[in-house]
Structure formats: structure tokens, C-alpha cells
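# Coordinate analysis (summary)
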Amino acid sequence: MVFAAALEKMEHVKSPEGEILTRPFLDLCKTVLPVLDNFGPAMGPVKSDIGGNISRLETRYLSSQSEFNYLYRIVRSEIESKKARSSSSCANALLWLTRAMDFLSELFGNLMVHPDWSMSQVCADSYGKSLKKWHGWLASSSFSVALKLAPDRKKFMSIVGVKGDDVSDMENFCGRFSPLLEENHKFLASVGMDNLKA
């Protein structure tokens, strides 16, 4: 379910020249975001924060669709106007959206690579590899509590549309989504925006 829809959207994320397009990238992230609903109400604030980052980028895109058709143009415009380092900037929104998607990509990857791990192990390792180093004590504590409320592995896999042992769509998704996230990190690092903490 989640992966089939995401894979379909992924077809349209890049321009013929290879640049990430704003609307298709945000739509792709929106497709993946409901996965967090499976963690129960404790993950509500996290989902709301991610949704807020998507909305901030989307609002900026809608303000001038032709100017901001390419995702990185939004960040470049904020750098030029000296607004990129603001906590309410689109640059900050892209950074935290990318990090959140890193967590989900790690989570899916761990589910495939470690079929013997419990969801708690999968979540803890994914968080440690993606978001933990960027979170302060309070954010880290809150996130850790939310992850402990994850459903059991079998139920989670069923909810995200994995049938039995067939993880091919999940594998395809991770193999295609992770490079997009890495591209975002490289761009953000190139403009000095990839090292901000919560």
C-alpha cells in the first residue's frame, strides 16, 4: 500500500535535467508520512512537526510555483535574503523533513535486513542512525518514549502493505528514496545548512 503509492510518485520527483522538483518531492513525503500513524498517539507531535515542515515548503512553493519549481531554489532564495538560518525557514524545514525521512528509510531498511529484530530494536537502531545525534535531551527522550509504543513487527509489516516475506516494494522504495535524501543532505551541506541541531 504505502510503497506502491510512493514508488508511483517517485517516477515524477526529478526533472529531465535531474533536479528534484518541489511539488513531487513533497507529495512523495506526504505519501510516506502516514506510516507514523501506526505508532499511536505518542507519535502525533512528531507527525505534526513533519507535516509542518512539508506545509512550510509547500506554502513557499505556492507563492511562486515557476520560481520555486525546483526544491533547492527555495533554500537558495533564503540564503540570498539571509533568512535560511531562522528556525522558521524553509531551509530548516527541508533539513528536518529530510532527517525525518532518513529515520523512516532506516526503519524500512532495518525491517528488511534484520528479520529477527523486534520493532523496538528496529526503531532504536533506526533512530540512533538518523535523528538521535541531532536531538537534544528533551526531543530524544520524547522520541524514545514514542518509539516504545510501536506495534509489533508482524502487525506493522501488514499495515504498510508487506505480504508475508515479500519485501520487494519496500526494498525498491529504500533503494530509490535514500539517494534522494542523500542528495538533499549534500545540497544542504554545500550551503552550510546540514549541521543544525534541535
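Residues numbered from 1 in each chain as written. Predicted model: local features only at pLDDT ≥ 70, side-chain atom pairs only at ≥ 80, totals over all residues. Heavy atoms only, no water.

### As for the packing of helix α2 (residues 22–32) against helix α9 (residues 168–190)
Axis separation between α2 and α9 bottoms out at 13 Å; the angle between their running directions is 125 degrees. The angle between α2 and α9 falls in the class oblique. In the packing of α2 onto α9, the handedness of the crossing is left-handed. Where α2 abuts α9, its residues F25, L28, C29 and V32 lie against F173, F177, L180, L181 and N184. Of the residues in the contact of α2 with α9, the class split is eight nonpolar, one polar and no charged. (Axes fitted to C-alpha atoms, helices over the stretch in contact; angles between N-to-C directions. Helix = DSSP H or I, 4+ residues; strand = E, 2+ residues; numbered from the N terminus. Parallel < 35°, antiparallel > 145°, perpendicular 65-115°, else oblique. Left-handed = near helix turned anticlockwise from the far one by under 90°. Contact = heavy atoms within 4.5 Å. Nonpolar A, V, L, I, M, F, W, Y, C, P; charged D, E, K, R; others polar.)

### With respect to the packing of helix α3 (residues 44–63) against helix α4 (residues 71–80)
Close contact between α3 and α4 brings their axes to 10 Å; oriented N to C, the two are set at 85 degrees. Taken together, α3 and α4 sit at an angle that is classed as roughly perpendicular. For the pair α3 and α4, the contacting residues are L57, R60 and Y61 in the first and I74, S77 and E78 in the second. Of the residues contributing to the contact of α3 with α4, the split by class is three nonpolar, one polar and two charged.

### Digging into the confidence of the model for the chain
Across the chain, the average pLDDT comes to 89, with 98% of residues at or above 70. Per-element mean pLDDT across the chain ranges from 73 in helix α7 (residues 137–147) up to 97 in α4. (pLDDT = per-residue confidence, 0-100.)

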